[in-house]
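Remarks on the overall topology
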Amino acid sequence: MAAVESSASGVPQIADSSQPADHDRGLAAIGGNVGAVWRAWWTWSPGNGTFNLQIPWNVIGPDSTVVITASEINAAGARFVGAAPFQVSSIAPGSGVVTFKINIGWSSPLPMRTDVLVFN
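Below: a short report on this structure. The residue count restarts for each chain, going from 1 along the sequence in the order it is written. Since the coordinates come from a predicted model, pLDDT governs what is reported: local features require at least 70, and pairs of side-chain atoms require 80 or more to be given and counted, while whole-chain, interface and lining totals use all residues. Calculated side-chain values reflect all of the structure's heavy atoms, with hydrogen atoms and water omitted.

Side note on the side chain of threonine 50
Secondary structure follows DSSP: runs of H or I at least 4 residues long count as helices, runs of E at least 2 residues long count as strands, and numbering of each begins at the N terminus. Along the polypeptide, threonine 50 turns up in strand E3 (residues 49-56). Identification of polar contacts relies on pairs of N or O atoms within 3.5 Å, with a donor-acceptor requirement for protein atoms, meaning one able to donate a hydrogen and the other able to accept it, and with residues adjacent in sequence counted only if both atoms are side-chain atoms. There is a polar contact of 2.8 Å between the side chain of threonine 50 and the side chain of asparagine 103.

Overview of the nonpolar core
Put simply, buried Ala, Val, Leu, Ile, Met, Phe, Trp, Tyr and Cys residues joined by side-chain atoms within 4.5 Å make one nonpolar core. Per-residue accessibility, obtained with a 1.4 Å probe over protein chains only, is compared with the maximum for each type, and a residue is labelled buried under 20%, exposed over 50%, and partly exposed between these values. Ranked by internal contacts, the top residues of the largest apolar core, which has 24 residues, are Trp57, Ile102, Met112, Val116 and Val118. Breaking this core down by element, the ones donating at least two residues are strand E2 (37-47), E3, strand E4 (65-73), strand E7 (97-104) and strand E8 (110-119). Note on contacts: a residue pair qualifies if any of its non-hydrogen atoms lie within 4.5 Å across the two residues. Leaving out residues up to four positions away in the same chain, valine 118 has contacts with Ala36, Val37, Trp38, Trp57, Val59, Ile60, Ser64, Thr65 and Val66.

Some details on the pattern of salt bridges
The term salt bridge refers to a side-chain nitrogen of Lys or Arg lying within 4 Å of a carboxyl oxygen of Asp or Glu. Counted under the stated rule, the structure contains three salt bridges. Put simply, aspartate 115 and arginine 39 hold a salt bridge, and the shortest N to O gap is 3.4 Å. Here arginine 39 lies in strand E2 and aspartate 115 lies in strand E8, a separation of 76 residues in the sequence. Arginine 79 is the partner of aspartate 115 in a salt bridge, and the nearest nitrogen-oxygen pair spans 3.2 Å. In this pair, aspartate 115 sits in strand E8 while arginine 79 sits in strand E5 (residues 79-80), placing the two residues 36 residues apart along the sequence. Looking at aspartate 115, the relative accessible area reads 8%, which means it is buried. Judged by relative accessible area, which is 44%, arginine 79 ranks as partly exposed.

Here's what the structure looks like:
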């Protein structure tokens, strides 16, 4: 998790996730032009400002379509909509990783959760 840009606080780090980075779970094919869909989440240590973050996950390839959402979380890890804007942009999938830009528009560090959908 390297920060190319930052402002204000330390770079958020992955604190937890919903599942390991493997994809061999015996899931059925989706059909159409989508062969597989995966969903997972990651919680992050508190941060504020703008960062380039990475999520390692071997289901992601250079041709994957990746959708990422971000939310503030409370001490129990529950997502909620607070006053701080969380903005995800510049999502770039690679081999086993996705890089994205997050902007947490708040004056103090806030914990977050990212939810990730991968379409292959």
